[in-house]
Amino acid sequence: MAELRHAFVTGYPVKHSRSPLIHGFWLDRYKIEGSYRAIEVKPEDFEDFIKGLEKQGLCGGNVTIPHKEAAFKLSAKPDAAAQAIGAANTLWLENGVLHASNSDAYGFAANLDDLVPEWTHAGSALVLGAGGASRAIIHALKMRGITDIHIVNRTHARACELAEHFGVSAQPWHKADDLVGDVDLIINTTSLGMSGHEDDHGESDDFPLSFDKVRPGTIATDIIYVPLQTPFLKKAAKFGLKTADGLGMLLHQAVPGFERWFGIRPQVDEELRALILKDMNEI
Ligand code: ATR
């Protein structure tokens, strides 16, 4: 009889995570008698939690905000993606040794493969934002052969830091309105438009970017998926851009972890998407 496998998602807070729903759906679908549960861990307790994984009978798990950088640092064997991004969201034990990866870049690319397959012809991109999330996006763009990458950020110094790390270009935020005309792909990684975020005052639905200079065929995507149609995507659609929402990134980033812990590469499909949308009250 196969050994029962137990995995987790940890964050602080973690109660909003939809990962238990995603992995629970796949455990059911593939009739695997393992488990996947949310475990809330405070930053000051994170190291002890990670060091005690084996004792707790856990084979690995997902890590979310604010533990992704700490998870990377605590891992003995971070893979190339985790190293490039400097953060980990997927952990697993192999013979007691902690391995780490970052599947956010994979999830981002796989979502675009599904929704706008023509994105593979893109040669240039504009990345809005320079927080933790944008690191995974820039890594994904580079892995998929996009070389001409511009980062703009409200705090310019953060854009410069990231640009130096990845060998791409940083531009002041006010240049974004011009840059939209030079790129094939525009990605919002800022928290602007995120439901419940401190900058979401519920009054303005306008995203502070002009699409006037955009070229036909340009693709716009947002990594925010609540709401599904963000102010950024709504405005891009109005200007005729092809748009891709961010929900698929969440679903696809879960795939590599599930395969590591439970031995089956799960499918992202409409049934899973509908389950998460229902949970978000979008349908
Ligand atoms: P994380 O590092 O977890 O991704 P974050 O530090 O909150 O999260 O970063 C979110 C991104 O949204 C940052 O690029 C942030 O810009 P700053 O670096 O200038 O803070 C961006 N952001 C948040 N609110 C914004 C706003 N009102 N206008 C423009 N950018 C904003």
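Residues numbered from 1 in each chain as written. Predicted model: local features only at pLDDT ≥ 70, side-chain atom pairs only at ≥ 80, totals over all residues. Heavy atoms only, no water.

Asker: Teacher, can you tell me more about the sheet that holds strand S11 (residues 219-222) here?
Answerer: Either a parallel or an antiparallel arrangement is found when strands of a sheet pair, and the pairing is made through backbone hydrogen bonds. Pairing is parallel across the open sheet formed by six strands, whose spatial order is S9-S8-S7-S10-S11-S12. Single-partner strands in this sheet number two, and they are strand S9 (169-172) and strand S12 (242-244). Averaged over all neighbouring strand pairs, the angle between strand axes comes to 20°, with direction disregarded. Of the strand pairs in this sheet, strand S7 (residues 124-128) and strand S10 (residues 185-188) are connected by four bridges, and their pairing is parallel. Each residue of the ladder has a partner; that of Val-127, found in S10, is Ile-187. Seen against the sheet, helix H9 (residues 231-238) touches S7, S10, S11 and S12 and runs at an angle of roughly 165° to S11. (Pairing = 2+ DSSP bridges. Helix = DSSP H or I, 4+ residues; strand = E, 2+ residues; numbered from the N terminus. Axes fitted to C-alpha atoms, helices over the stretch in contact; angles between N-to-C directions. Contact = heavy atoms within 4.5 Å.)

Asker: Help me understand the sheet that holds strand S4 (residues 77-78), please; the structure alone is not making it clear to me.
Answerer: The sheet built from six strands is open, its strands ordered S2-S1-S3-S5-S6-S4 with mixed pairing. Strands with a single pairing partner mark the edges of an open sheet, and in this sheet they are strand S2 (35-40) and S4. Contacting strand S1 (6-11), S2 and strand S3 (60-63), helix H1 (residues 19-29) crosses the sheet at an angle of about 170° to S2.

Asker: What exactly am I supposed to notice about the side chain of His-139 here?
Answerer: One can find His-139 in helix H6 (residues 132-143). Discounting residues that sit within four places of it in the chain, His-139 has contacts with Ala-81, Ala-84, Ile-85, Ala-105 and Phe-166.

Asker: What should I look at first to understand the pattern of salt bridges in this one?
Answerer: The full count for this structure, using the stated rule, is 12 salt bridges. The salt bridge involving Arg-18 is made with Asp-279; its shortest N-O contact spans 2.8 Å. Of this pair, Arg-18 sits in the loop between S1 and H1 while Asp-279 sits in helix H12 (residues 270-279), and the two are 261 residues apart along the sequence. A relative accessible area of 18% means that Arg-18 is categorised as buried. Note that Asp-104 is salt-bridged to Lys-68, the shortest N-O span being 2.8 Å. Taken as a pair, Asp-104 in helix H5 (residues 104-115) and Lys-68 in helix H3 (residues 68-74) lie far apart in primary sequence, 36 residues in all. In this pair, the class of Asp-104 matches that of Lys-68, namely buried. (Salt bridge = Lys/Arg side-chain N within 4 Å of Asp/Glu carboxyl O. Buried < 20%, exposed > 50% of the residue type's maximum accessible area, 1.4 Å probe, protein only.)

Asker: Help me out: how do you make sense of the packing of H5 against H6 in this one?
Answerer: Relative placement of two packed helices is described by the angle separating their axes and the distance separating the axes. Where H5 contacts H6, the two axes come as close as 8 Å, and the packing angle between them is 60°. Between H5 and H6, the angle is such that the two are oblique. The handedness of the crossing between H5 and H6 comes out as right-handed. Contacts from Asp-104, Ala-105 and Phe-108 in H5 reach Ala-136, Ile-137, His-139, Ala-140 and Leu-141 in H6. Along the lines of polarity and charge, the residues of the contact of H5 with H6 split into six nonpolar, one polar and one charged. (Parallel < 35°, antiparallel > 145°, perpendicular 65-115°, else oblique. Left-handed = near helix turned anticlockwise from the far one by under 90°. Nonpolar A, V, L, I, M, F, W, Y, C, P; charged D, E, K, R; others polar.)

Asker: Got a minute to help me understand unusual backbone geometry in this structure?
Answerer: Among all residues save glycine, negative phi is the norm, and among peptide bonds the norm is trans. The omega torsion of the bond from Tyr-12 to Pro-13 falls at 5°, within 30 degrees of zero and hence cis. Phi is positive for Lys-31, which is not a glycine, with a value near 50°. Unusually for a residue other than glycine, Asn-95 sits at a positive phi of about 50°. With respect to the helices, strands and loops of the structure, Asn-95 is situated in the loop between strand S5 (90-94) and strand S6 (97-101). Classification of Asn-95 as exposed rests on a relative accessible area of 82%.

Asker: Explanation requested: the nonpolar core in the structure shown.
Answerer: As a rule of thumb, soluble globular proteins bury nonpolar side chains together. Formed by 31 residues in total, the largest nonpolar core has its most connected members in Phe-108, Trp-119, Leu-141, Ile-146, Ile-151, Leu-185 and Ile-187. Of all elements in the fold, only H5, S7, H6, strand S8 (148-153), helix H7 (156-166) and S10 reach the threshold of two or more residues within this core. Of the residues forming this core, the biggest block, five residues, is contributed by H6. Ranked by size, the runner-up nonpolar core spans 25 residues in total, among them Val-9, Val-14, Phe-258 and Ile-276. (Core = buried A, V, L, I, M, F, W, Y, C linked by side-chain atoms within 4.5 Å.)

Asker: Whenever I open this one, the environment of Glu-47 confuses me. Can you help?
Answerer: If you trace the backbone, Glu-47 turns up in helix H2 (residues 46-51). Sequence separation between Glu-47 and Ala-84 is 37 residues, and the spatial gap between their C-alpha atoms is 22 Å.

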